[in-house]
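# A look at the structure
Take a look at the letters that make up each chain.
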Amino acid sequence: MDCCYSNTGDRILENFFEKYPSSILPPANAAAMTKPITREQLIKYYQLLLDIFSINAYCLTATVTDVTPAEDIPNGILIAKIDLRAPANLWSEKALRGRKEAIVNDFDVKVLEAYGRRFGLTTTLINWSVTQQIEVVHCLKVSGL
Amino acid sequence: MNLTSQPFIQSFTSTISFLLPDELDYTPMDEFQKDFFTFRQNEWEDYKSYHPNIMQGDLADPLYFDFISFCQSVVLAFSMRNGLQDFIEKVGADGETLVVRRNEIYKDNKQLPTVHAQMTGAFFLSFFDGFFSFPSYQRTH
């Protein structure tokens, strides 16, 4: 932690804590936790990661909800619905999906997928849509809980 | 990177979109840059006609970021479909070249989009790793 108290580290941390409320960030990975991650914790940590997007004005709001059907819960599956209101990639994601491009700029999905991977979870985007012309909805299926 | 004044996510994702093809070594970066410039140029006037107040060059303008991100993704996808196993890349201003050979692990062009997506997410998280491990965060869990 000494590196965090260098001049540069102090400045970055100061800016960071000014911008983000304290304890906004989730555990880094499975090793930072004493027990396997639960679905409730995963949703909570997803929200913390999505808050980074809204705090940085990538979107107006970003919220995640657990919409897992009851019959899937015993199988260790989580279906997470992400609502991004007015994201910066509103038009481009729609255009890319319309063209069926292999590269889509759904950065929220990529970040949550990478985070789940740190806990040995597999994440797949199973649905996306645009509602009210301003909101992008991503549905993720997470397995391995 | 100034976290308080730059459009962080927009800057980060734009940067990553260029870093990763270079990291994955499936296309000469000088060609990639040229393709990106040409595609952007071809699409710009049409896009601007729908958004006359757009601030060109300003990633903080969501309309401009939306456009750039679209162009990057299209050019990335195109470059991956046509990915090379080895090639000569022009580097530097004096015409020097480099022979580049793709890592065998990534040899299948069809897997490049998935690898790119995973690396994008991983790079994003790694930016915050220095903060994740800060003791006060560990204590809350």
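A brief structural summary.

Scoring rules and cut-offs
Residues numbered from 1 in each chain as written. Chains lettered and ligands numbered in written order. Predicted model: local features only at pLDDT ≥ 70, side-chain atom pairs only at ≥ 80, totals over all residues. Heavy atoms only, no water. Helix = DSSP H or I, 4+ residues; strand = E, 2+ residues; numbered from the N terminus. Buried < 20%, exposed > 50% of the residue type's maximum accessible area, 1.4 Å probe, protein only. Areas by Shrake-Rupley, 256 points an atom, 1.4 Å probe, with all protein chains shown as cover. Pairing = 2+ DSSP bridges. Axes fitted to C-alpha atoms, helices over the stretch in contact; angles between N-to-C directions. Contact = heavy atoms within 4.5 Å. Polar contact = N/O pair within 3.5 Å; in protein donor to acceptor, adjacent residues only side chain to side chain.

## Re the overall build of chain B
Assigned secondary structure in chain B consists of 5 helices and 2 strands. Its helices and strands in sequence order give chain B the pattern α-α-α-β-β-α-α, from N to C terminus. Across the 141 residues that make up chain B, the buried fraction comes to 44%. Of the roughly 7500 Å² that chain B leaves accessible, carbon and sulfur atoms contribute 52%.

## Considerations on the environment of A:I55
As for its position among the elements, A:I55 is in helix α2 (residues 39-55). Considering only alpha carbons, one finds A:I55 and A:R117, 62 residues apart in sequence, at a separation of 24 Å.

## A word on the sheet that holds strand β3 (residues 122-131) of chain A
All names here are of chain A. Strand order in the open sheet made by the 4 strands is β1-β2-β4-β3, with antiparallel pairing throughout. Edge strands, defined here as strands with exactly one partner in the open sheet, are β1 (61-66) and β3. Ignoring which end each strand starts from, the neighbouring axes of this sheet average 20 degrees apart. Sheet topology places β3 next to strand β4 (residues 135-143); 9 bridges connect them, and they run antiparallel. Bridge pairing in β4 places V130 opposite V136. Here α2 sits on the sheet in contact with β1, β2 (77-85), β3 and β4, set at roughly 170 degrees to β1.

## Quick word on the side chain of A:N89
When you line up the elements, A:N89 lands in the loop between β2 and α3 (90-98). At a separation of 2.8 Å, a polar atom in the side chain of A:N89 contacts the main-chain carbonyl oxygen of A:N105. With residues up to four places along the chain from it excluded, the contact list for A:N89 reads A:Y58, A:N105, A:D106, B:F65 and B:D66.

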